[in-house]
Amino acid sequence: MVIAVASGKGGTGKTTLAVNLAFVANPRPVQVLDCDVEEPNVHLFLKGQTLESKTVSVTIPSVDEEKCSGCEECSNFCQFKALVVIGKTVLVFPELCHSCGGCRLICPEKTIDEVPRPIGKVETLQVQNDLLLIYGTLSIGVAMATPLIREVKNSRDHGAPLTVIDCPPGTSCPVIESIKGADVVLLVTEPTPFGLHDLTLAVDTVRVLGIPFGVVINRAGQNYPSLYEYLEKEKIPLIGEIPLNRAVAQAYARGDLIINSVSGYRAKIEEIFSRLIDLAEKSKRV
Ligand code: SF4
Ligand code: SF4
């Protein structure tokens, strides 16, 4: 079972939910994947012993200009404008390259080679006997997060009974890459106009992917009925609510788990977990 925890905007409490869910989750062992590679922070809550640390690279073209005829076939082919030919000089813009390899294949002079470009690293930590954390960190200056997210997901044990994915915020390509293949998605929102606006975008995204999903309202208790009206109108399951509570923010700031430090919250997270599993099972039967 793969549970993806996502949100249309940052700062909704997505990581708090993902981390605490992992601790109450059953069956075990559990793997937590931090796919928010631009700003990974799950490791601030889940500390452990490093089992593996690997550098991840993508391939980019490298041109032997001595053999280049300046025909421009490579730059005309590249859909991402990652190559510019000036005379017999080919400029490569690595941050635009999607590593498709097409320019190498199309070059009539066979003068393009592929070289590795490091984009970040993936680390695996043993947090507990039955809890593993895998997280990626994108290198500074690298814009494309999806290859690294793919590597974080590939690094997991695909036979493990349960995986919890902390997705990046938003609805762009890195989010879709993170959610893809999940059995169920938990969308975390908050009862504010911004929260609702970004939730609607996230709902549209998850619906396109055809994955069952439910919503948790974090910092609940603020008077914002429009959110509840939206969920009802769209027939979106409300999986749970985490009340606005200063102790939750304090636990987060200390890097503590709310299930251990805020009274009554373990039961709330356990209930959210069990409703999520029900939702995923029910969708499989339909
Ligand atoms: S590998 Fe693909 S994306 Fe990269 S420069 Fe070549 S054609 Fe463009
Ligand atoms: S396709 Fe090959 S020969 Fe033509 S400009 Fe590009 S690198 Fe040079």
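The rules behind these values
Residues numbered from 1 in each chain as written. Chains lettered and ligands numbered in written order. Predicted model: local features only at pLDDT ≥ 70, side-chain atom pairs only at ≥ 80, totals over all residues. Heavy atoms only, no water. Pairing = 2+ DSSP bridges. Helix = DSSP H or I, 4+ residues; strand = E, 2+ residues; numbered from the N terminus. Axes fitted to C-alpha atoms, helices over the stretch in contact; angles between N-to-C directions. Contact = heavy atoms within 4.5 Å. Polar contact = N/O pair within 3.5 Å; in protein donor to acceptor, adjacent residues only side chain to side chain. Near = heavy atom within 4 Å. Nonpolar A, V, L, I, M, F, W, Y, C, P; charged D, E, K, R; others polar. Parallel < 35°, antiparallel > 145°, perpendicular 65-115°, else oblique. Left-handed = near helix turned anticlockwise from the far one by under 90°. Salt bridge = Lys/Arg side-chain N within 4 Å of Asp/Glu carboxyl O. Buried < 20%, exposed > 50% of the residue type's maximum accessible area, 1.4 Å probe, protein only.

### Structural notes on the sheet that holds strand β2 (residues 30-34)
Next, step 1: Pairing is mixed in the open sheet, where nine strands are placed in the order β3-β6-β7-β2-β8-β1-β9-β10-β11. Here the strands that pair on one side only, and so sit at the sheet edges, are β3 (49-63) and β11 (238-243). Looking at each pair of strands side by side, their axes are set apart by 20 degrees on average, direction ignored.
Next, step 2: Bridge count between strand β1 (residues 2-6) and strand β9 (residues 184-189): four bridges; the pairing is parallel. Bridging across to β9, Ala4 finds its partner in Val185.
Next, step 3: Contacting β9, β10 (213-220) and β11, helix α7 (residues 225-233) runs over the sheet at an angle of about 170 degrees to β10.

### Overview of the side chain of Ser75
Next, step 1: If you trace the backbone, Ser75 turns up in helix α2 (residues 73-77).
Next, step 2: At 3.1 Å, the side chain of Ser75 forms a polar contact with the backbone oxygen of Glu72.
Next, step 3: Beyond its immediate chain neighbours, meaning those up to four positions away, Ser75 contacts Leu83, Val84 and Val85.

### Considering the site of ligand 1
Next, step 1: Residues in contact with ligand 1, as listed here, are Pro61, Phe77, Cys78, Phe80, Ala82, Leu83, Cys97, His98, Ser99, Cys100, Gly101 and Cys103.
Next, step 2: Of the residues belonging to the shell around ligand 1, the class tally is nine nonpolar, three polar and no charged.

### Topic: the site of ligand 2
Next, step 1: Around ligand 2 lies a shell of 13 residues, among which Cys68, Cys71, Glu72, Cys74 and Cys107 are the nearest.
Next, step 2: For the shell around ligand 2, a count of residues per class yields eight nonpolar, three polar and two charged.

### Some remarks on the packing of helix α6 (residues 193-209) against α7
Any two packed helices are characterised by how steeply their axes cross, that is the angle between the axes, and by the distance between the axes.
Next, step 1: Across the interface, α6 lies against α7 with an axial gap of 10 Å and an inter-helix angle of 20 degrees. With respect to their mutual orientation, α6 and α7 come out roughly parallel. In terms of crossing hand, the pair formed by α6 and α7 is right-handed. The residues of α7 that touch α6, namely those facing Leu196, Leu199, Thr200 and Val203, are Ser226, Leu227, Tyr230 and Leu231.
Next, step 2: Tallied by class, residues from the contact of α6 with α7 come to six nonpolar, two polar and no charged.

### Remarks on the pattern of salt bridges
Next, step 1: Taken as a whole and judged by the stated rule, the model has 13 salt bridges.
Next, step 2: Note that Asp166 is salt-bridged to Lys14, the shortest N-O span being 3.0 Å. Here Asp166, found in strand β8 (residues 162-166), pairs with Lys14, found in helix α1 (residues 14-24); they are 152 residues apart in sequence, far enough to count as distant.
Next, step 3: A relative accessible area of 0% places Asp166 in the buried class.
Next, step 4: Residue class for Lys14 comes out buried when judged on its relative accessible area of 6%.

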